[in-house]
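What follows is each chain in one-letter form.
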Amino acid sequence: MNHNESISFLYEQFEEACFSLFEGLSCTVNFTEKPEDNLEGSFIAMIDAGSNDMELRLFLRMPFSVLALTYPVDNVIDVEEDKLEDWMAELSNMLIGKVKTKLMKHDIVVKIGLPESFYGVDFDSIVPEGFESKIYYFDIDGIIVECRIYVDLIVDELEIQHAIEDDDADEGELELF
């Protein structure tokens, strides 16, 4: 695939992984438009992955209400803010796991980094420069969430194999301590 096709392929894998993540948390997910309030004051999580061919950085930005909605306990009112920050990092881990699994089905192997969490920062100050990017806005049970992918394609084009069907591909599982 040429450069543009490779970038579009990566965006598509990310988009599908976002839907899979939120649907897996029993949420109703739909595309939506950019919100007027621009999600200021929301939690942000970033995680990266890469290979010799590319580097990916994935960002999630979501308000407290979505973290509370998706948090895997019944009474989220008593959950401390640092636990919600950890949950945000876990969501980014789950998302990158889904992306990695999708890429592996096309014989693309990436190594995953560690998540970083941010709150109260200017988003533009943490995004990478020189990367191609796409921003998605999702309506998650009536609340807007922003998901971004940044791609630095190091090679001219990716060698993407036809999808390998592997029902045993493991994205990992959620375990709370």
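Located above this text is the structure these notes cover.
Quick look at the structure, then. Please read these numbers as outputs of a predicted model, since none were measured by experiment.

## With respect to the packing of aromatic side chains
The full count for this structure, using the stated rule, is ten aromatic pairs. Between the aromatic rings of F59 and Y150, the centroid separation amounts to 5.5 Å while the plane-to-plane angle is 75 degrees, which identifies the pairing as edge-to-face. Taken together, the residues F59 in strand 3 (residues 54–62) and Y150 in strand 7 (residues 143–153) connect sequence positions 91 residues apart. F59 gets classed as buried once you look at its relative accessible area, which sits at 1%. Given a relative accessible area of 6%, Y150 falls into the buried group. By way of ring pairs, the aromatic residues F14, F19, F31, Y136 and F138 are connected into one cluster. The side chain of R148 reaches across the aromatic face of F123, ending 3.8 Å from its centre.

## With respect to the nonpolar core
Core analysis: the biggest nonpolar cluster contains 47 residues, and F14, F22, M54, M62, L91, L103 and C147 have the highest contact counts within it. Look past the residues within four positions of F22 in its chain and what remains in contact with it is C27, V29, M62, I140, V145 and C147. Grouped together as the second largest cluster of nonpolar side chains are nine residues, F59, F118, F131 and Y150 included.

## Overview of the pattern of salt bridges
Under the defined criterion, the tally for this structure stands at four salt bridges. Of the charged contacts, one joins K102 and E16 as a salt bridge, the two residues approaching to 2.9 Å between their closest N and O atoms. Of this pair, K102 sits in helix 3 (residues 81–104) while E16 sits in helix 1 (residues 3–24), and the two are 86 residues apart along the sequence. Judged by its relative accessible area of 21%, K102 falls in the partly exposed class. When its relative accessible area of 35% is taken as the criterion, E16 is described as partly exposed. Linking R57 and E55 is a salt bridge whose minimum nitrogen-to-oxygen distance equals 3.0 Å. When its relative accessible area of 23% is taken as the criterion, R57 is described as partly exposed. Taken together, the shared-partner salt bridges connect R61, E146 and R148 into one network.

## Quick word on the pairing of strand 6 (residues 132–140)
In this sheet, strand 6 lies alongside strand 1 (residues 29–31) in antiparallel orientation, the contact comprising three bridges. Residue pairing in the sheet places N30 in a bridge with D139 of strand 6. Bridge count for strand 6 against strand 7 is nine bridges, and the pairing is antiparallel. Across the sheet, residue D139 finds its bridge partner in strand 7, namely I144. Between strand 6 and strand 7, which pair antiparallel and follow one another directly, the connecting turn spans two residues, one of which, D141, has a positive phi of 50 degrees.

Conventions used here
Residues numbered from 1 in each chain as written. Predicted model: local features only at pLDDT ≥ 70, side-chain atom pairs only at ≥ 80, totals over all residues. Heavy atoms only, no water. Phe/Tyr/Trp six-rings, centres within 6.5 Å; stacked < 30°, edge-to-face > 60°. Helix = DSSP H or I, 4+ residues; strand = E, 2+ residues; numbered from the N terminus. Buried < 20%, exposed > 50% of the residue type's maximum accessible area, 1.4 Å probe, protein only. Lys NZ or Arg CZ within 6 Å of the ring centre and 35° of its normal. Core = buried A, V, L, I, M, F, W, Y, C linked by side-chain atoms within 4.5 Å. Contact = heavy atoms within 4.5 Å. Salt bridge = Lys/Arg side-chain N within 4 Å of Asp/Glu carboxyl O. Pairing = 2+ DSSP bridges.

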